[in-house]
Amino acid sequence: MAESDTLGDLNRRNFLIKVTSVVGGAGAVAACLPFVASMNPSSDVLAKATTEFDLSGMNPGDMRTVAWQGKPVFILRRTQEQIKEMEASDGGLDPEPDQKRAKQPEWLVVVGVCTHMGCVPNKEGPGWTCHCHGSQYDDSGRVTRGPAPKNLEVPPYRFIAADKIIIGEA
Amino acid sequence: MKNRIIKWIDQRFPLTSFVKHELTGYPTPRNLSYWWNFGFLAGFVLMLQVATGIFLAMHYKADVALSFDSIQHIMRDVNYGWLLRFMHSTGASAFFLVIYIHMARTLYYGSYRAPRELMWWSGQGLLLLLMATAFMGYLLPWGQMSFWGATVITNLFRATPFIGEQVVIWLRGDYTVGDATLTRFFALHYLFPFLIIGAVVVHLVALHTVKSSNPSGIDLAAKDNIPFHPYFTIKDLYGLGIFLIVYCSFVFFLPNSLIEPANNIPANPMVTPNHIVPEWYFLPFYAILRSVPNMVGGVVAMGLSVMMFAFMPFLDRSCIPGGAQYRPVFRVQFYLFLLDMLVLGYIGYIPPTSQSILIGQVATLCYFGSFFLIPFISKAEERWLIKRGLPPDVEALIASEAREKSKLPQRRRREDIA
Amino acid sequence: MKKLIVVLILYCSTSPVWATDAKLENIQVDTSVSAVERGVDTLMNGCHSCHSLKYIKYRDLDTFGIDKKKIEAWRGDQPLDAPLASLMSDDAAMQSFGKIPPDLSLITKAREGGASYVYSYLLGYYNTPEGMTSNHIFPETKMPDALGISGATEPAQRDELQGKAHDIVSFLAWASDPHEEERHRLGYYVIGYLVVLTLLLYIVKNQIWSTLK
């Protein structure tokens, strides 16, 4: 520092340096954002975040598996008996009324991934059985026998027509 | 608390002394002009290219069936993918611009002369690594220009005596530029920048041994050095600001101007574009290649044109210190050389006609002529300047240099700033 | 001063004027939604029968703001994520024209002269004395006179076709570079910020150096 510096000069210089550092720092942080953002799912991956499914062609009792975000989703068209049975109880290990799990009682949409370790259960007779460790689910996707702790996940979905649903959007 | 941690580290690692000696307290000539900003800028662009490159590599696919599509995926679907891509493509041009200015500064001010020869040669190595990296990177988009440019340049290795054909096939991994070539160029393009970083470290170690030159070309007394921080840290940052304005103007408003239209067409091995042209930074050397009617001769000329710079410390025989500052003939030579490079660049760009080929050949002769004539011109100029009389400090330095040479080879070390 | 010269040289050397011998009519594309939508309309009714746009998906048109009902009509059974494929198969194209009509996703970037080239090309058809149709801009073209400009003699007709061509090229320019507007917008902010920061750095630099004796 030169002797000709007054205290005012020094304060002004320090202030300027502080302001410049803050402005520069903010810019440096902002410059990092596109890099970080580029690692997020790209728009084509996000598009696959929803899957449309045409329900026509399914008879009562039929089950179809469709891919959504890389996972299997079970779509079950339930018969009247199945609906009555499911609405009669709240399920087994993870009680939940059937009405909460199906938007329209005839159609059940659940993610086909066992809540225990992630295997895909098989449809066998009523409900599903997971052959990895023996968990069982009913025709509402509720867990009736462990070691799975929770019911099959109901993904966000809605009816975009009488016979079409879009999975991934509530 | 912070001081305790630093003290703990200092007992185990020379952190504080390194930072003080080599960074903040590092003695730098006070009269450095803005032409000395370009080394820092080159380092910055290197970091920029590595960062954008790594994030691009998260989305790029190095397969002939997928690469062009993956670039479109990056441009259209990946969040800010277009920004990463344009930063990287503009960054390549920015890198060469900065490096060429950096080299021009070194030539003009004679910073390649003793004791800075190793700096110049490590720089030469860096230039070669950069050219190789850029060449391999250009294949990756798998556009028409990518493919045909790579085909033409890999073909040149046919000039290798006796084993030319095998060398070309070995280089490509196939009889033509194909999937094997693309995959290996991607692997090497990812690797080379880290070799460049290593070479930059060598370059900086050499710099810190001999310290920066300065516009006068005369080693300044210790009192005329100032600490790098804060004077040159702030000056470098200011220069960076100016650079970024120019760089971002291109990235955001003119990015397509630096991408050949033909490269927006997927590579087609059956159809050659009417006009094969490399990126601007290779144009002068491309012109020299085309100037020689013989294929082997052209390759040799092109290779030599890049390597000629390395001989400068030996070619320049003048005892007048520094570069163009006190040497008017050298200055004229320098400007003529720059003009020649621009002419060669233009010739390299336009489609060859008999006229342009002739101009190119004359320009090539001038190019090599400038180098070959330097020993004679520099000596003659020295004699003329000494007869005419030099500024007193220059005379003093020449005298002290002569004294030094008669002693044992023991370089004086400049005292450090406390 | 020298830096300015270097920058000027760089700017000048990037002008894409080297290419075609024929004079190009320079146009300004309009990438507003309305112009682009008119362009897609024309394209889907005409160009689409031979040309694909493989890098544009129906979803991209939706995201840009094209009328959803129109998109539904164009895509029919195909999912939203389907690309705009050509209606003509590659084999049929080879039989009819001898080559596959180029994909148009990048056409305004893939030609020297860009959008002006494509515009001039579309309107560059004329009738030769022998009664054949040829094109001023690209004489070797195998593409027929899609807009019918060679037969348009009335000024009103020509005007209408020029408008159509302008809309098509506006759409194609958007298709080549969908993020152009975003890029420009961000660019203004970035350059503005950098000017402010550089000014601050300049002031601080002078302040620090003024303390040197």
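Definitions and limits used
Residues numbered from 1 in each chain as written. Chains lettered and ligands numbered in written order. Predicted model: local features only at pLDDT ≥ 70, side-chain atom pairs only at ≥ 80, totals over all residues. Heavy atoms only, no water. Contact = heavy atoms within 4.5 Å. Buried area = accessible area lost by both parts, 1.4 Å probe. Salt bridge = Lys/Arg side-chain N within 4 Å of Asp/Glu carboxyl O. Polar contact = N/O pair within 3.5 Å; in protein donor to acceptor, adjacent residues only side chain to side chain. Patch = residues over 30% accessible without salt bridge, like charges linked within 9 Å, V, L, I, M, F, W, Y side chains within 5 Å. Areas by Shrake-Rupley, 256 points an atom, 1.4 Å probe, with all protein chains shown as cover. Helix = DSSP H or I, 4+ residues; strand = E, 2+ residues; numbered from the N terminus. Buried < 20%, exposed > 50% of the residue type's maximum accessible area, 1.4 Å probe, protein only. Pairing = 2+ DSSP bridges. Axes fitted to C-alpha atoms, helices over the stretch in contact; angles between N-to-C directions.

Asks: Can you help me understand the interface of chain B and chain A in this one?
Replies: Often the size quoted for an interface is simply the accessible area lost on bringing the parts together. The interface is formed by 14 residues belonging to chain B together with 10 residues belonging to chain A. Across the interface of chain B and chain A, roughly 970 Å² is buried in total on both sides, 69% from carbon and sulfur atoms. In terms of surface lost to chain A, no three residues of chain B exceed B:Phe55, B:Asp77 and B:Asn79, which account for 46% of the buried area on that side. Across the contact surface, chain B and chain A share 0 salt bridges. For the interface between chain B and chain A, the tally reads 5 residue pairs in polar contact (both at pLDDT 80 or more).

Asks: Is there a simple way to think about a nonpolar patch on the surface in this case?
Replies: Residues and elements named next belong to chain B. Together, Val-332, Leu-336, Leu-339, Leu-342, Val-343 and Ile-359 line one region of the surface with nonpolar side chains, adding up to about 530 Å² of accessible area. In this structure, Leu-336 sits in helix H14 (residues 328-349). Relative accessible area serves as the criterion here: at 53%, Leu-336 is assigned to the exposed category.

Asks: Hey, could you run me through the sheet that holds strand S4 (residues 107-111) of chain A in this one?
Replies: All names here are of chain A. In space, the 3 strands of this open sheet follow the order S2-S3-S4, with antiparallel pairing throughout. Every other strand in the sheet has two partners, leaving strand S2 (63-68) and S4 as the edge strands with one partner each. Here the strands of the sheet are splayed against their neighbours by 25 degrees on average, with no regard to which way each runs. Bridge count for S2 against strand S3 (residues 71-77) is 6 bridges, and the pairing is antiparallel. Note on S3: the bridge partner recorded for Ala-67 is Pro-72.

Asks: Quick question: what am I supposed to make of the sheet that holds strand S9 (residues 157-161) of chain A here?
Replies: Consider a sheet: its strands pair through backbone hydrogen bonds, and that pairing is either parallel or antiparallel. Residues and elements named next belong to chain A. Taken in spatial order, the 3 strands of this open sheet run S1-S10-S9, and their pairing is antiparallel. Here the strands that pair on one side only, and so sit at the sheet edges, are strand S1 (51-54) and S9. Shown here is a sheet whose adjacent strand axes are inclined to one another by a mean of 30 degrees, direction ignored. Across 4 bridges, the pairing between S1 and strand S10 (residues 164-167) is antiparallel. The partner of Glu-52 across the bridge, within S10, is Ile-166.

Scope: geometric values only; no functional claims are made or implied.
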